[in-house]
Amino acid sequence: MPLFEMPDVSSNAFIYVNTAFVVVCIAMAVVFMVLPLPSNAGLKKYRISLWFLAATYLLLAFLQIILMIFRISEVNLISIDRLTIASLQAILFTIALITLLNPKFLFRRFLSIHLIPVITLNIAYQAIASIWGNPIIANMNQLIHSAWNPAIWIREIFVIFYVWQLVHFTRLFLRQSRIHESEVDNYFADNIRLHLPCVKFNYFASLTIGIVALLSCFVFSELWLLVFTSVFAIFYMGFGMFYIQYPSTFIQIEPAFNPQSNGIDEMIKGTKQVDWDELKSRIIADKYYLKAGVNIEDMAHYLNIGRTRLSMLINTEEAMNFNSWINLLRVEDAKNFLIDNPEITLMEVAELHGYTEQSNFSRQFKLITLESPSKWRQQYSGK
């Protein structure tokens, strides 16, 4: 007797849920293929990733159709097919989301490296299963009883490999996320919306789906498998809708990854002997840091210095990135301004100090002074 068992689901439920999954996959694949994109060379890898996603979604739809036609039972613990699909999904979503963070990410190399173990495990399983059989495991008792079968060993190795994948991909994603944030912080003064929190949210949502896919390898009921299928369908649609909105964001962050200055200009400017104290005094005297939307490219052009050299000077001489330094200068200027001009609203103070949003001004002010702008004004205006 199985350790845990749920009642079988009706044929209608099986058809409705799987049909919905197929429709979602095909619809999103069509959207990926026909989506109009700006003629921007920087979006080349994003275009490739769209076609890759479209092919994957169509493959998932095809597999689900096969399942419906032949009414194949999915209740087979740690099934090699389910593990393979889960592993490929982990690779897919990791590639897709890292591509958004780092347009220069070598995803073809990543794909080839991580596909090799999946293919190897499948080939090994087919070879072993042809000799020792392909056991159908419906419950834990059967799994224990078949523990001697080498085919089961391959499945268990695949489970361990898949868990490693989830951990490895998460570490890789977080590392790429930190690199992205560093690039953005070293380029933009106003970056509140450019750290791409939605990408992080979608990755951890994908990770949750990956964990659910792993758990689905150990379920004992077709009912729960249909629940998982429904969750997957909703996620695939939500992920697709999020993914197609990326081009508008890329246009904003592209300069941080693709410098406007050409290599020759950067090399010439980078060889000039510069005095950081002199440059810093000029920036502060002209209050260039108060310019709304200022970025390091603009400031480098204003100072007639290479962007790379300017970034290196700020990082070494000020021991912080461009974003942190600009915000420090703005907040230091705003501290006295708030006290000397009590009649000016916080919104106006924020605008005068280069911020497009009062909330961002207040957040940066509190981060540096440990006080909100209003409390700072109230505390020091009478002194």
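This text follows the structure it describes.
Residues numbered from 1 in each chain as written. Predicted model: local features only at pLDDT ≥ 70, side-chain atom pairs only at ≥ 80, totals over all residues. Heavy atoms only, no water.

Further remarks concern empty space enclosed by the protein. Applying the stated criterion across every chain yields a total of two cavities of 30 Å³ or more. Of the volumes computed, that of the largest cavity is approximately 120 Å³. Lining the largest cavity are 13 residues, and of these Ala 90, Leu 166, Ser 206, Leu 207 and Gly 210 lie nearest its centre. Secondary structure elements with two or more residues in the lining of the largest cavity: helix H3 (80–101), helix H6 (150–185) and helix H7 (197–216). The space that makes up the second largest cavity amounts to roughly 40 Å³. What lines the second largest cavity is Gly 42, Lys 45, Tyr 46, Thr 99, Leu 100, Pro 103, Tyr 246 and Phe 250. Within the residue set of the lining of the second largest cavity, elements represented by two or more residues are helix H2 (44–70), H3 and helix H9 (246–257). (1 Å grid on protein atoms, 1.4 Å probe; cavity = no way out; pocket = protein on both sides within 12 Å on 5 of 7 lines; lining within 4 Å. Points joined across faces, edges and corners; volume = space filled by probe spheres on them. Helix = DSSP H or I, 4+ residues; strand = E, 2+ residues; numbered from the N terminus.)

Once that is clear, we can look at the pattern of salt bridges. By the definition in use, this model includes six salt bridges. Ionic pairing is found between Glu 181 and Lys 200, a salt bridge with its closest N-O pair at 2.7 Å. Here Lys 200 lies in helix H7 and Glu 181 lies in helix H6, a separation of 19 residues in the sequence. Accessibility expressed as a relative area gives 19% for Glu 181, which makes it buried. Since its relative accessible area comes to 28%, Lys 200 is described here as partly exposed. Between Lys 335 and Glu 332 there is a salt bridge whose closest N-O contact spans 3.3 Å. Of this pair, Lys 335 and Glu 332 both sit in helix H14 (residues 322–340), three residues apart, roughly one helical turn. (Salt bridge = Lys/Arg side-chain N within 4 Å of Asp/Glu carboxyl O. Buried < 20%, exposed > 50% of the residue type's maximum accessible area, 1.4 Å probe, protein only.)

It is worth spelling out the nonpolar core at this point. Soluble globular proteins: nonpolar side chains tend toward being buried together. Within the largest apolar cluster, 103 residues are counted, with the highest numbers of intra-cluster contacts made by Tyr 57, Tyr 236, Phe 239, Met 299 and Leu 310. No other element matches H3, which puts 13 residues into this core. Ignoring sequence-local partners within four residues, the contact set of Met 299 consists of Ile 283, Tyr 288, Val 294, Leu 310, Phe 322, Trp 325 and Ile 326. Counting residues in each nonpolar core, the second largest holds 11 residues, with Val 331, Val 349, Tyr 355 and Phe 365 among its members. (Core = buried A, V, L, I, M, F, W, Y, C linked by side-chain atoms within 4.5 Å. Contact = heavy atoms within 4.5 Å.)

Keep in mind that these numbers describe shape and distance, not what the molecule does.
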